[in-house]
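What follows is the residue order along each chain.
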Amino acid sequence: MTHTGSNGTIRPMFGQETSTDRFATAIARALARAGVPLAEREIMQQLAFPQETSFGDYAFPCFSLAKARRKSPDQAAAEVVAALKALPPEPGIASVESRGAYVNFFVDKLAMIRDALLACAKTGPKYGHSTIGNDRTVVIDYSSPNIAKPLSIGHLRSTVIGGALYRIFGALSYRCVGINHLGDWGTQIGTVIAAVKKWMPGASMADSSVRQLAELYARYHAEMAADPSLETEARDWFRKLENADPETVSLWKAFLELTIASLKRAYERVGVRFDSYAGESFFNDKIEPALKELAQRMSGKLVAPPPPGKDGKAPPAKGDAPAAVPVTGPLPRMRESEGALIVDLSDFGMPPCLLRKSDGATLYATRDIAAALYRQQTYGFARAVYVVAADQRLHFRQFFKVLELAGYTWASNCVHVDFGLIRFKGEKMATRAGTVVLLEDVLDRSIELTVEKMRDRRLDPEKQEAIARAVGIGAIIFHDLKHKRVKDVDFDWEQILRFDGETGPYVQYTYVRIASIFKKYAEMRNAQGAGTGAAMEADLADDAKLDRLTDLEEFQMAKLIHRFPAIVEQAAEKYEPSIIAGHLLDCAAAFHRYYRDVDRHKVVSDDLELTKARLLLCSCLKTVIANGLELLGIRTVEEM
RNA sequence: GCCCCCGUAGCUCAAUUGGAUAGAGCAUCGGAUUUCUAAUCCGGUGGUUACAGGUUCAAGUCCUGUCGGGGGUACCA
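Throughout what follows, the structure given in this document is the object of discussion. (Residues numbered from 1 in each chain as written. Chains lettered and ligands numbered in written order. Predicted model: local features only at pLDDT ≥ 70, side-chain atom pairs only at ≥ 80, totals over all residues. Heavy atoms only, no water.)

**Quick look at the pairing of strand 4 (residues 137-141)**
One face of the sheet, then the other: side chains in a regular strand alternate in exactly this way.
Here's step 1: For strand 4, the buried fraction is high: 5 of the 5 residues fall into the buried class.
Here's step 2: Every second residue of strand 4 is oriented toward a common face, with Thr 137, Val 139 and Asp 141 on one face and Val 138 and Ile 140 on the other, all of them buried.
Here's step 3: Across 5 bridges, the pairing between strand 4 and strand 5 (residues 175-179) is parallel. By the bridge assignment for strand 5, Val 138 is matched with Cys 176. (Buried < 20%, exposed > 50% of the residue type's maximum accessible area, 1.4 Å probe, protein only. Helix = DSSP H or I, 4+ residues; strand = E, 2+ residues; numbered from the N terminus. Pairing = 2+ DSSP bridges.)

**Comments concerning helix 11 (residues 287-298)**
Here's step 1: Taking 1.5 Å of rise per residue, the 12 residues of helix 11 would be expected to cover 16 Å, and the 16 Å separating its terminal C-alpha atoms lies within 8% of that figure.
Here's step 2: For helix 11, the full list of buried residues reads Ile 287, Ala 290, Leu 291, Leu 294, Ala 295 and Met 298. Taken around the axis of helix 11, the buried residues stretch over an arc of 135°, which confines them to a single face.
Here's step 3: Its buried side turned inward, helix 11 meets strand 6 (334-337), strand 7 (340-343), strand 8 (353-356), helix 12 (364-379) and helix 13 (393-405).
Here's step 4: Ser 299 sits one or two residues past helix 11 and shows a positive phi near 50°. (Expected span 1.5 Å × (residues − 1). Arc of directions from axis to C-beta. Contact = heavy atoms within 4.5 Å.)

**A closer look at the protein's contact with RNA strand B**
Here's step 1: Inspection of the region around RNA strand B gives 68 residues, with Tyr 102, Lys 357, Arg 457, Arg 513 and Ser 516 positioned closest.
Here's step 2: Backbone sugar and phosphate groups make up 58% of those atoms of RNA strand B lying within 4 Å of the protein.
Here's step 3: Contact between RNA strand B and His 601: a base nitrogen at 2.9 Å from a main-chain N or O atom of the residue.
Here's step 4: The contact in question runs from a base nitrogen of RNA strand B to an N or O atom on the backbone of Val 603, over 2.8 Å.
Here's step 5: Counting only elements with at least two residues in the surface near RNA strand B, the list comes to helix 3 (63-69), strand 3 (102-107), strand 7, helix 13, helix 14 (439-454), helix 17 (504-527), helix 20 (578-596) and helix 21 (598-601).
Here's step 6: Looking at the surface near RNA strand B, the element that brings in the most residues is helix 17, giving 8 residues.
Here's step 7: Partitioning the surface near RNA strand B into residue classes produces 29 nonpolar, 14 polar and 25 charged. (Near = heavy atom within 4 Å. Polar contact = N/O pair within 3.5 Å; in protein donor to acceptor, adjacent residues only side chain to side chain. Nonpolar A, V, L, I, M, F, W, Y, C, P; charged D, E, K, R; others polar.)

**Looking at the packing of helix 15 (residues 461-481) against helix 17**
Here's step 1: Relative orientation of the contacting elements helix 15 and helix 17 amounts to 130°, with a least axis distance of 7 Å. With respect to helix 17, the axis of helix 15 lies oblique. Every residue of helix 17 that contacts helix 15 at Ala 470, Val 471, Gly 474, Ala 475 and Phe 478 is listed here: Gly 504, Pro 505, Val 507 and Gln 508.
Here's step 2: Along the lines of polarity and charge, the residues of the contact of helix 15 with helix 17 split into 6 nonpolar, 3 polar and no charged. (Axes fitted to C-alpha atoms, helices over the stretch in contact; angles between N-to-C directions. Parallel < 35°, antiparallel > 145°, perpendicular 65-115°, else oblique.)

**Overview of the sheet that holds strand 8**
Here's step 1: Taking strand neighbours across the sheet as the criterion, the 3 strands line up as 6-7-8 in an open arrangement whose pairing is antiparallel. With one partner strand each, in any of the chains shown, strand 6 and strand 8 form the two edges of the open sheet. Ignoring strand direction, the axes of neighbouring strands in this sheet form an average angle of 40°.

**A word on the sheet that holds strand 2 (residues 93-99)**
Here's step 1: With antiparallel pairing, 3 strands are arranged side by side in an open sheet as 1-3-2. Either end of the sheet is taken by a strand with one partner, and the two such strands are strand 1 (58-61) and strand 2. If you compare each strand with its neighbour and ignore which way they point, the axes differ by 20° on average.
Here's step 2: Taken strand by strand, helix 4 (residues 73-86) contacts strand 2 and strand 3, and its axis lies near 155° from that of strand 2.

**Describing the environment of Ala 195**
Here's step 1: Along the chain, Ala 195 falls in helix 7 (residues 187-199).
Here's step 2: Between the alpha carbons of Ala 195 and Trp 410 there is a distance of 43 Å; along the sequence they are 215 residues apart.

**Some thoughts on the packing of aromatic side chains**
Here's step 1: Inspection of the entire model under this criterion finds 24 aromatic pairs.
Here's step 2: The structure contains a cluster of three or more aromatic residues connected by ring pairs, namely Tyr 142, Tyr 267, Phe 274 and Tyr 277.
Here's step 3: Just above the ring of Tyr 408 sits the side chain of Arg 297; from NZ or CZ to the centre is 4.0 Å. (Phe/Tyr/Trp six-rings, centres within 6.5 Å; stacked < 30°, edge-to-face > 60°. Lys NZ or Arg CZ within 6 Å of the ring centre and 35° of its normal.)

**Quick word on the pattern of salt bridges**
Here's step 1: The final tally for this structure, using the stated rule, is 38 salt bridges.
Here's step 2: Of the charged contacts, one joins Glu 448 and Arg 445 as a salt bridge, the two residues approaching to 2.8 Å between their closest N and O atoms. Pair noted here: Glu 448 and Arg 445 are both in helix 14, with a separation of 3 residues, about one helical turn.
Here's step 3: Classification of Glu 448 by relative accessible area gives partly exposed; the value is 44%.
Here's step 4: A salt bridge links Arg 469 to Glu 465; the shortest N-O distance between them is 3.2 Å. Remark: Glu 465 and Arg 469 occur in helix 15; sequence separation between them is 4 residues, near one turn of the helix.
Here's step 5: Judged by relative accessible area, Arg 469 falls into the partly exposed class, the value being 38%.
Here's step 6: Where salt bridges share partners, they join Asp 551, Glu 553, Glu 554, Asp 597, Arg 600 and Arg 614 into one cluster. (Salt bridge = Lys/Arg side-chain N within 4 Å of Asp/Glu carboxyl O.)

**Quick notes on the nonpolar core**
Here's step 1: The biggest cluster of nonpolar side chains holds 169 residues, and the ones touching the most others in it are Leu 31, Val 103, Phe 105, Ile 140 and Ile 561.
Here's step 2: Ranked by residue count, the leading element in this core is helix 22 (residues 608-632), at 13 residues.
Here's step 3: Core analysis: the next-biggest nonpolar cluster, separate from the first, contains 35 residues, Val 177, Leu 345, Leu 355 and Tyr 386 among them. (Core = buried A, V, L, I, M, F, W, Y, C linked by side-chain atoms within 4.5 Å.)

Pasting the structure below:
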C-alpha cells in the first residue's frame, strides 16, 4: 500500500529503474572486489557525497564494515584503501584515500567533465529527460478551484506544484493526464445563483466577471448570517439546478464557461495546462453506479433510494441489486449507521468514511471514489497523484483505504501529494472572511516591480514587457517551488517579491549572463568574418578541447551538470519540485562565483581553444538552467 | 479529548533520508566594478538544531515524554 509517509516521502516508484551513475557504479564494483561484503547495489546506496568537496567526490563510510570486522572504523577504512590499491584501477576513478572512517574517492576530473558536457550537448533541450516512465500513465489532479471565484494566492501551490510534476513526469516519459477537478457543484453554486438573481437580474454573463460573482457571493454570505431565509433560498436554487431546471442550468453553464475562460488566462500566465476540466458535476451520473459497485464488492447495504434523475424521471432501474444484506454476526464494514451510509474504518484508527448522508445525498468522498474509478477505467493509470493541501490528509487516507478495502489493487497507486497551507498573517485565508489575496494581483504587482527595477537598464522597450512578465511571474513561481512542500507558508508581500539572493530572478539572471557571453563571442567571430551564432553553439562539442578545463571551479560546474538527470528523477520520486529549484540555485551560485573571477575565468579570450572549451561548459550550464526552469514552469529571457 | 504535521542563526529556508566541522539567502558590518549585464561576487557577525530522556560506533534526522504553533476529527468541499 502507498502512503504519504509522515514526512511527506512516498514509497519509491522507481526502484531499480533509476538510471545509473557510471562513477558510482565503478566505485561500488571496486569496493565489492576489495572485499566489502555487500552487493554492489547496497554499496551504491551507502555512497555519500562529502559536503567538504576537498575530501573527495564520493565517500564510503566504513562504520558497519568495522563492526563486522571487529576493527575500528579508521582501521577498516585504511584496510579497504589498501585492498583497493592492490586492484587494477577502475576507469573514471583517479584516486582513493582514507580519512578517518571514510574511504574517499576522487573521480577523474576530465572524465567527469567529458561525460557531463558531451551528454548535455548531445541531448540539449532533452538533457535531464529519460525513458524510465516507459509510457505509463500518471494522472495528476491539481489546482481544482471552485467556480465563480477568482484564483487566490492559496491556489498557487497546488497549481504550480502540480504543473511542475506534470512536466517532470512527462520528461521522464510518463504519459501525464492533467486534471482540473473543478468545484462546480454543490450548495455554494446555489448561493452564487441566488446572489445573481437577487442583485444582478437580467444582466448577461458576458458583462460580468468572475470577480463580480465572487463579490456577490461574499455579500450574500455575509447577509445570510442575519437573514436565514437567504440560506433556504440558496438551497432552493441548488435544488432547481439538480432538477435540471433549464434556466438555472443555463445560468450555471454560463458561470462555468466564464470561470474556465478566466482560469485559462491565469494558467497561461503561470505556464500550466490541463488535459481535462472534468469537475465535480461531471461525475453526477457516475456516483450511484460507483456506490453500487462498492456495495457489491464490500457486501455492504445501500441506504436510501438514489435520488431522482435530472429530468425528474426515475433513475434507470438496474435491478434492485444487492439491497439489504441481513445483519448478523460482526457488522459489515460498509453499513448503515445513524441513518447514513458509512465505511467503518475504526480498525485503522480513522473515523468512518461517509458515503451517503441520512437525507440520501452523497458527499465529497463518494464523488472522489467515483472519480477514481472513472479515471482508472478511462486512463488505466499506473499512478494517480492528488496535489491537494495537507488539511485533506485524513480525507485521502480514508478514501484510499476504502478503495483498498473494496479490493481495488490499484488503490496502492493513489498518492496524496500534500503541501502546507498558505496562511495570511497567521490565519487561514478565506473568501468569506475577505482575507483573500488574489493570484493575479500578486502576479501583476510582481511584474510592476520588475519593470521598475529594469528602468535603469538600457533595454529595448519593445522587449521590456515580455521580460518583465517572465521575470516577475518567475519570481512568484520560484518562491513557491523552492520550499519543500510540507512547510506552511505565511504570505508576505515583502518576501514573495524579493529579487535578490536565492530567487527566480537570480537563476534567470545566470542564464542572461551566459547568453551575453555568447553574444560577445558572436561579435568577436563576426569581426573575424567567421560563422554565424546559431551554428556556433551546436558545433562546440565536436572540437572542444576539454582538457583545457583545468580549474576547480570548472570541474564543480561540470559536476552539477552531471548530476542534473539524477536530480530530476529524485524530484519525481519524492514529488518534490523544490529539489530541482535547489539544484538550479547551486548551478547559479557556481556560475556566478566562476564568472566574477574575471582574471582567471574570462570565457571569451584570444585563446580560441580555451574559449571554445569554456563556451561549451557555459552552454551546458545554460542548458541545465533552461531545462530546470522549464520543468518548473518558468520562462528564460535573453536579457534583463 | 484523540489523530496528523511542523519547531534548525534576528527573519526565510537547506542538510545527500542515520554519517565527517549543521550550510545558504535576507538583514547587519566591511570590501570588490576602466571587464563577457552589480538582479553579482568576497569576507565578518550570528547555533546548547524548542526542552528532557532513550536507541546507536554515529541523532537536526529514529523512539518516549513535555512545551509551543498549525491542521483534522459523521452527514461542507
